[in-house]
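One letter stands for each residue in the lines below.
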Amino acid sequence: MHLRLLPWFFIIVNFMEYIGSQNAARGRRQRRMHPNVSQGCQGGCATCSDYNGCLSCKPRLFFVLERIGMKQIGVCLSSCPSGYYGTRYPDINKCTKCKADCDTCFNKNFCTKCKSGFYLHLGKCLGNCPEGLEANNHTMECVSIVHCEASEWSAWSPCTKKGKTCGFKRGTETRVREITQHPSTKGNLCPPTSETRKCTVQRKKCQKGERGKKGRERKRKKLNKEENKDAVPDNKALEPSRETPEQRESKQQQKKRKAQDKQQKSVSVSTVH
């Protein structure tokens, strides 16, 4: 062996002996603390106990304590369960429980989801959101307040009156705008989307076909009324007589008596003269 490689060879040998002695010491400590330590473990355990479950895990697995009734047992998992975060150490990878108000977390000081009744903000779970933010009950997070936004006003519409653009001097004109951003719960409400004002124009006579909608409706109703009037027959002339023969005879007798009375009056008047 080359003389320059000898120092490195002895360094590597000494290091391997040191690692072996450390592992042996750890195993002795575990056996003293847990007399029932077994090397033939299942489920990813490197060492285990019949009473306490896993005592150490195989490489890259996480050690976590699970409560079963009044007893806690150790298990080895490929990833930490919900409500825990994983930390890797030189001798063990361990799962640690999140804070009481965290449902899931990245580490001890950074929550990723809060339990019911709390809102997430910058990795912390808060009962009330800070000023300038509002609670989103869907995502359970503190979010920025969104105010309503509207577009610019449109141009004013032509001056009209009762749907017409002619035949008047004073009318109204309207302009509109659209809502481009609806507000959140605490945001400013949206302004009106239409605006009307009075307007004045030079009176001009409506040409044929320029009548407004209401004017056309009035003309149509007038024409329909005249047509209906012409179409209705004279019911009196067409109505059949409903008098009985006795009623007709009684009327004729009354006419005769009236005629006789007139004659008597005329005779009496001539006798007096």
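Rules of the game
- Residues numbered from 1 in each chain as written.
- Predicted model: local features only at pLDDT ≥ 70, side-chain atom pairs only at ≥ 80, totals over all residues.
- Heavy atoms only, no water.
- Helix = DSSP H or I, 4+ residues; strand = E, 2+ residues; numbered from the N terminus.
- Buried < 20%, exposed > 50% of the residue type's maximum accessible area, 1.4 Å probe, protein only.
- Contact = heavy atoms within 4.5 Å.
- Areas by Shrake-Rupley, 256 points an atom, 1.4 Å probe, with all protein chains shown as cover.
- Core = buried A, V, L, I, M, F, W, Y, C linked by side-chain atoms within 4.5 Å.
- Disulfide = S-S within 2.5 Å.
- Salt bridge = Lys/Arg side-chain N within 4 Å of Asp/Glu carboxyl O.
- Phe/Tyr/Trp six-rings, centres within 6.5 Å; stacked < 30°, edge-to-face > 60°.
- Lys NZ or Arg CZ within 6 Å of the ring centre and 35° of its normal.
- Polar contact = N/O pair within 3.5 Å; in protein donor to acceptor, adjacent residues only side chain to side chain.
- pLDDT = per-residue confidence, 0-100.

Visitor: Got a minute to help me understand the overall build of the protein in this structure?
Guide: Summing up its helical and strand segments, the protein has four helices and 17 strands in all. By the burial criterion, 19% of the 273 residues in the protein qualify as buried. Put simply, of all contacts in the protein between residues at least 6 apart along the chain, 31% involve residues at least 24 apart. Carbon and sulfur atoms form 53% of the exposed surface of the protein, whose accessible area is close to 22,000 Å².

Visitor: Explain the nonpolar core here, please?
Guide: Soluble, globular proteins show a tendency: their nonpolar side chains are buried together. Within the largest apolar cluster, eight residues are counted, these being Tyr85, Cys98, Cys102, Cys105, Cys111, Cys114, Leu120 and Cys125. Of all elements in the fold, only strand S8 (102-107) and strand S9 (110-114) reach the threshold of two or more residues within this core. When neighbours within four sequence positions are excluded, Cys98 is seen to be in contact with Gly83, Tyr84, Tyr85, Thr104 and Cys105. With seven residues, the next largest nonpolar core counts Cys45, Cys48, Cys54 and Cys57 among its residues.

Visitor: Help me understand the state of the cysteines in this model?
Guide: In this structure the tally under the stated criterion is 10 disulfides. Two residues share a disulfide in this structure: Cys102 and Cys111, whose sulfurs sit 1.4 Å from each other. In this structure, Cys102 and Cys111 share a single accessibility class: buried. The disulfide that involves Cys129 links it to Cys142, with 2.1 Å between the sulfurs. On the S-S bond that ties Cys129 to Cys142, the torsion sits near -90°, and the link is left-handed. Here Cys129 is found in the loop between strand S11 (124-126) and strand S12 (133-136), whereas its partner Cys142 is found in strand S13 (residues 141-144), with 13 residues between them in sequence. When sorted by exposure, Cys129 lands in the same class as Cys142, which is buried.

Visitor: Mind showing me how you'd approach the pattern of salt bridges here?
Guide: For side chains bearing opposite charge, pairing can occur when the charged atoms are close. Here the structure, examined in full by the defined rule, presents three salt bridges. The residue Lys113 makes a salt bridge to Asp103 at a minimum N-O spacing of 3.9 Å. Here Asp103 lies in strand S8 and Lys113 lies in strand S9, a separation of 10 residues in the sequence. By relative accessible area, Lys113 is classed as partly exposed at 48%. Close ionic contact of Arg175 with Glu195 constitutes a salt bridge, the shortest N to O distance being 2.7 Å. In this pair, Arg175 is assigned in strand S15 (residues 170-176) and Glu195 in strand S17 (residues 194-200), connecting sequence segments 20 residues apart. The class of Glu195 is partly exposed, set by a relative accessible area of 31%.

Visitor: Would you explain the packing of aromatic side chains in this entry?
Guide: Aromatic ring pairs are defined here through the distance separating the ring centres and the angle between the ring planes. One pass over the full model with this rule turns up zero aromatic pairs. Sitting above the plane of the Tyr51 ring, Lys71 keeps its charged end 4.9 Å from the centroid. The ring of Trp156 has Arg197 sitting right over it, with the charged end atom 3.9 Å from the ring centre.

Visitor: Honestly, the side chain of Glu173 in this entry has me stumped. Any pointers?
Guide: With respect to the helices, strands and loops of the structure, Glu173 is situated in strand S15. A polar contact is formed between the side chain of Glu173 and the side chain of Arg197, at a distance of 2.6 Å. The contacts of Glu173, once residues within four sequence positions are left out, are Trp156, Ser157, Pro158, Cys159, Glu195, Thr196, Arg197 and Cys199.

Visitor: Quick question: what am I supposed to make of the confidence of the model for the protein here?
Guide: The pLDDT averaged across the protein works out to 78; a share of 70% of its residues lies at or above 70. Low confidence marks residues 30-35, where pLDDT is under 50. Its contacts with residues over four positions away, or in another chain, come to nine contacts. Low pLDDT, under 50, characterises residues 269-273; the stretch is placed with zero contacts to residues that sit more than four places away or in other chains.

Visitor: What exactly am I supposed to notice about unusual backbone geometry here?
Guide: Where the residue is not glycine, phi is negative for most of them; where a peptide bond is considered, it is trans in most cases. With a phi angle near 75°, Arg60 is a residue other than glycine that sits in the positive phi range. Note that Arg60 resides in the loop between strand S3 (53-57) and strand S4 (62-68). Residues other than glycine seldom take positive phi values, yet Met140 does so here, at roughly 55°. When you line up the elements, Met140 lands in the loop between S12 and S13. For Met140, a relative accessible area of 23% gives the class partly exposed.

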